[in-house]
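Report on the structure
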Amino acid sequence: QKEVEQNSGPLSVPEGAIASLNCTYSDRGSQSFFWYRQYSGKSPELIMSIYSNGDKEDGRFTAQLNKASQYVSLLIRDSQPSDSATYLCAVEGGATNKLIFGTGTLLAVQP
Amino acid sequence: KAGVTQTPRYLIKTRGQQVTLSCSPISGHRSVSWYQQTPGQGLQFLFEYFSETQRNKGNFPGRFSGRQFSNSRSEMNVSTLELGDSALYLCASSADRGTDTQYFGPGTRLTVL
């Protein structure tokens with residue numbers, strides 16, 4: 001089992017819809033969780049961090065964390081073509097004290 | 001604040017050569033982490049440096065090494081390059097721990113011929 005798993009996609013949604021991106025992790029001791037966005041040919045940029053169970057909202061983005069289920073998700077409301085990118089989930093590796101990245105989900109927002 | 005900078009942005013080398021990449025973290029950040037990104041493997045952790053000491057290391061061969069200077073700037077070196085080393089090498093800085101929020105530089109695209 002991979003330490004951090006994401007569906008590689010592509011996830012295709014129409015403009016204006018809600019995009020839902022999911023991530024599961026294996027280390028129950030993980031405490032910090034991050035979502036990054038990476039455009040093709042560019043480096044990852046931070047979207048959100050989340051540390052507690054529940055929802056955290058920032059503009060059109062909502063991160064959801066469920067530690068019992070070892071699940072973290074990112075919702076993008078009113079998706080725009082400019083949101084088309086690869087979304088990387090990163091999880092603090094508990095005992096390893098390093099960030100573990102998933103392989104990313106490619107999101108395509110259709111105009 | 002200025003962001004993370006990496007030099008050079010692009011490199012072309014041949015097999016057997018060695019290469020040195022440089023990273024300057026955000027001012028005040030003390031932790032620098034290095035990653036290799038390839039289409040098939042995603043972001044793979046190489047190592048993390050803090051206060052001139054390697055604090056964490058990924059599963060890469062000894063050909064990959066790094067160091068950090070007193071001003072927190074970091075370099076990584078790859079010796080005896082192989083074709084499979086072709087990748088985007090990313091540096092990320094964080095304030096203290098490597099598991100704090102990391103901010104990435106633009107990366108160095110290395111092509112090994």
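Look up: the structure comes first, before these words.
**Topic: the state of the cysteines**
- Taken as a whole and judged by the stated rule, the model has two disulfides over all chains.
- Residue pairing for A:Cys23: its cysteine sulfur links by disulfide to A:Cys89, the two sulfurs lying 2.1 Å apart. Because the sign of the S-S torsion sets the handedness, a value of about -70° for the bond joining A:Cys23 and A:Cys89 places this disulfide among the left-handed ones. Linking A:Cys23 in strand S3 (residues 19-25) with A:Cys89 in strand S9 (residues 85-92), this pair joins segments that are 66 residues apart in sequence.
- By relative accessible area, which is 0% here, A:Cys89 ends up buried.
- There is a disulfide in this structure between B:Cys23 and B:Cys91, and the S-S distance comes to 1.7 Å. Separated by 68 residues along the polypeptide, B:Cys23 in strand S3 (residues 19-24) and B:Cys91 in strand S9 (residues 87-94) bring together distant segments of the chain.
- The buried category is assigned to B:Cys23, whose relative accessible area is 0%.

**Notes on the packing of aromatic side chains**
- Taken as a whole and judged by the stated rule, the model has ten aromatic pairs over all chains.
- Ring centres 5.8 Å apart and planes at 65° place the aromatic pair B:Tyr35 and B:Phe45 in the edge-to-face group. One end of the pair, B:Tyr35, is in strand S4 (residues 31-38); the other, B:Phe45, is in strand S5 (residues 42-50), and ten residues separate them in sequence. A single burial state applies to B:Tyr35 and to B:Phe45, both of which are buried.
- One aromatic cluster is present, formed by A:Tyr36, A:Phe101, B:Tyr35, B:Phe45 and B:Phe104 through successive ring pairs.
- The positively charged end of B:Arg55 is found above the aromatic ring belonging to B:Phe50, 4.1 Å away from the centroid.

Criteria and cut-off values
Residues numbered from 1 in each chain as written. Chains lettered and ligands numbered in written order. Predicted model: local features only at pLDDT ≥ 70, side-chain atom pairs only at ≥ 80, totals over all residues. Heavy atoms only, no water. Disulfide = S-S within 2.5 Å. Helix = DSSP H or I, 4+ residues; strand = E, 2+ residues; numbered from the N terminus. Buried < 20%, exposed > 50% of the residue type's maximum accessible area, 1.4 Å probe, protein only. Phe/Tyr/Trp six-rings, centres within 6.5 Å; stacked < 30°, edge-to-face > 60°. Lys NZ or Arg CZ within 6 Å of the ring centre and 35° of its normal.

Geometric descriptors of this kind do not, in isolation, establish any biological role.
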